[in-house]
Amino acid sequence: MYGVVTRNAEELEWEEFERGFYEVKDVTGRASDPVPTGVNMISCFGDNRAAADNPDLVPISEDGEEATRDRPYFDWAYVCPTYDPYREGLLEIIEDAAAVSEDVRLDDVGFPREEYCHCDRCEAAFADSDYEDWFAWRASVITEFVAEARERVPGDLYLTLYPDPYPGHIYERAGLDIEALEAYVDEFVIPLYDMAYSTTYWLEILASGFEDALSTPFSVELYAVDIDIDDLLHATEVAEAYGESVLFGYESGNARAAIRRMRADQREGESFGPE
């Protein structure tokens, strides 16, 4: 099964795509109205605009480093998951999206990295909690948020995972307790992005790692912008051996061409001899 991840609602209805994800809110903070023709997708704690408008929302490390685009490891700015007004706003967006199309995908869920967050709000919440382990407390914060989102989504709930299947890495990095989250999530999405896909052995390693790590179904999302069609096809062949579906991100024309090529090759390979 092939699908698309897009900011253009009309592409959700292209016949080549059997499923579609539409960005209602992205990491820039740009927001659009949800659509009834696809799965509405919401960037949760990645939000450049919110971080710029209110620096108090930005997670900080013990050394006082902010999780913004100015840091070497971050492509966008983050919002602290314990900031209740922002969380409530996210839950309202999720509820509104689910009212238009009952399936919803949560993107950019979690803390920015292992060293975050040590803002006064997080330090106080951890001190007041029943947890002695800081990583366990962080995971409880994220699991609680996903559980609250689940209550507002009548259909399938999708959740994007950081593409690292090594045991414990996602838990420590982002506060994602996979086993706990599987109680609320119907399908995970694993973005395995590359600018070329000139080799694919690493893609197979990561996809097979998630196959071992997850009990819940997952799909693989590939980057389709300016990728050579042959290389994108090779990546697709690997991804579809593991995922429920292969999703193509942010270049629907290139994805459409790849799918047409694959289906044409499959038809040419058919033979109709005597039984």
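Please read these numbers as outputs of a predicted model, since none were measured by experiment.

What counts and how
Residues numbered from 1 in each chain as written. Predicted model: local features only at pLDDT ≥ 70, side-chain atom pairs only at ≥ 80, totals over all residues. Heavy atoms only, no water. Helix = DSSP H or I, 4+ residues; strand = E, 2+ residues; numbered from the N terminus. Rg over C-alpha atoms; globule rule 2.2 N^0.38 Å. Areas by Shrake-Rupley, 256 points an atom, 1.4 Å probe, with all protein chains shown as cover. Lys, Arg positive; Asp, Glu negative; His and termini not counted. Charge placed at Lys NZ, Arg CZ, Asp CG, Glu CD. Pairing = 2+ DSSP bridges. Axes fitted to C-alpha atoms, helices over the stretch in contact; angles between N-to-C directions. Disulfide = S-S within 2.5 Å. Buried < 20%, exposed > 50% of the residue type's maximum accessible area, 1.4 Å probe, protein only. Salt bridge = Lys/Arg side-chain N within 4 Å of Asp/Glu carboxyl O. Phe/Tyr/Trp six-rings, centres within 6.5 Å; stacked < 30°, edge-to-face > 60°. Lys NZ or Arg CZ within 6 Å of the ring centre and 35° of its normal.

Visitor: Could you clarify how one ought to interpret the overall build of the protein chain in this entry?
Guide: Looking only at helices and strands, the protein chain features nine helices and eight strands. Here the C-alpha radius of gyration of the protein chain, 19 Å, is about what a compact globule of 275 residues would show, namely 19 Å. By its C-alpha atoms, the protein chain is 75 × 35 × 35 Å across when sized along the principal axes. Just so you have it, the protein chain exposes about 13200 Å², and 44% of that area is on carbon and sulfur atoms. Counting 20 positive and 63 negative side-chain charges, the protein chain places the centres of these two groups 5 Å from one another.

Visitor: Help me out: how do you make sense of the sheet that holds strand S2 (residues 19–25) in this one?
Guide: Backbone-to-backbone hydrogen bonds pair the strands of a sheet. The strands run either parallel or antiparallel. Here we have eight strands rolled up into a closed barrel, ordered S1-S2-S3-S4-S5-S6-S7-S8, and parallel in their pairing. Between one strand and the next, the sheet's axes are offset by a mean angle of 25°, whatever the strand orientation. Summarising the sheet, strand S4 (residues 104–107) and strand S5 (residues 157–160) pair through three bridges and their orientation is parallel. Note that in S5 the partner of valine 104 across the bridge is leucine 157.

Visitor: When you look at the state of the cysteines in this model, what are you seeing that I'm missing?
Guide: Each disulfide consists of one covalent bond between the sulfur atoms belonging to two cysteines. Per the counting criterion, the structure on display carries zero disulfides. Unpaired in this structure, cysteine 117 has its nearest cysteine sulfur neighbour in cysteine 119, at a distance of 3.4 Å. For cysteine 117, a relative accessible area of 0% gives the class buried. The thiol sulfur of cysteine 122 is not disulfide-bonded, and the nearest other cysteine sulfur, from cysteine 80, lies at 3.4 Å.

Visitor: What should I look at first to understand the pattern of salt bridges in this one?
Guide: Two side chains that carry opposite charge are able to pair once their charged atoms sit near each other. Considering all chains together, one arrives at 15 salt bridges under this definition. With its nearest N and O atoms 3.6 Å apart, the salt bridge here joins arginine 7 to aspartate 26. Highlighted residues: arginine 7 in the loop between strand S1 (2–6) and S2 and aspartate 26 in the loop between S2 and strand S3 (39–43), separated in sequence by 19 residues. You can call aspartate 26 buried: its relative accessible area is 4%. Across the salt bridge formed by aspartate 26 and arginine 30, the nearest N and O atoms sit 3.0 Å from each other. Arginine 30 gets classed as partly exposed once you look at its relative accessible area, which sits at 24%.

Visitor: Can you walk me through the packing of aromatic side chains in this structure?
Guide: One pair of aromatic rings is described through two measures. These are the centre distance and the angle between the planes. By the definition in use, this model includes 14 aromatic pairs. Where tryptophan 76 meets tyrosine 78, the ring centres are 6.4 Å apart and the plane angle is 40°; that geometry is what we call tilted. Relative to tryptophan 137, the ring of phenylalanine 111 lies with its centre 6.4 Å away and its plane at 50°, an arrangement referred to as tilted. Separated by 26 residues along the polypeptide, phenylalanine 111 in the loop between S4 and helix H3 (120–128) and tryptophan 137 in helix H4 (residues 134–151) bring together distant segments of the chain. A relative accessible area of 2% places phenylalanine 111 in the buried class. It is arginine 113 that lies over the ring of tyrosine 73; its NZ or CZ is 4.3 Å from the centre. The positively charged end of arginine 138 is found above the aromatic ring belonging to tryptophan 134, 5.0 Å away from the centroid.

Visitor: Help me out: how do you make sense of the environment of alanine 124 in this one?
Guide: Mapped onto the secondary structure, alanine 124 falls in helix H3. Separated by 96 residues in sequence, alanine 124 and threonine 28 have C-alpha atoms that sit 29 Å apart.

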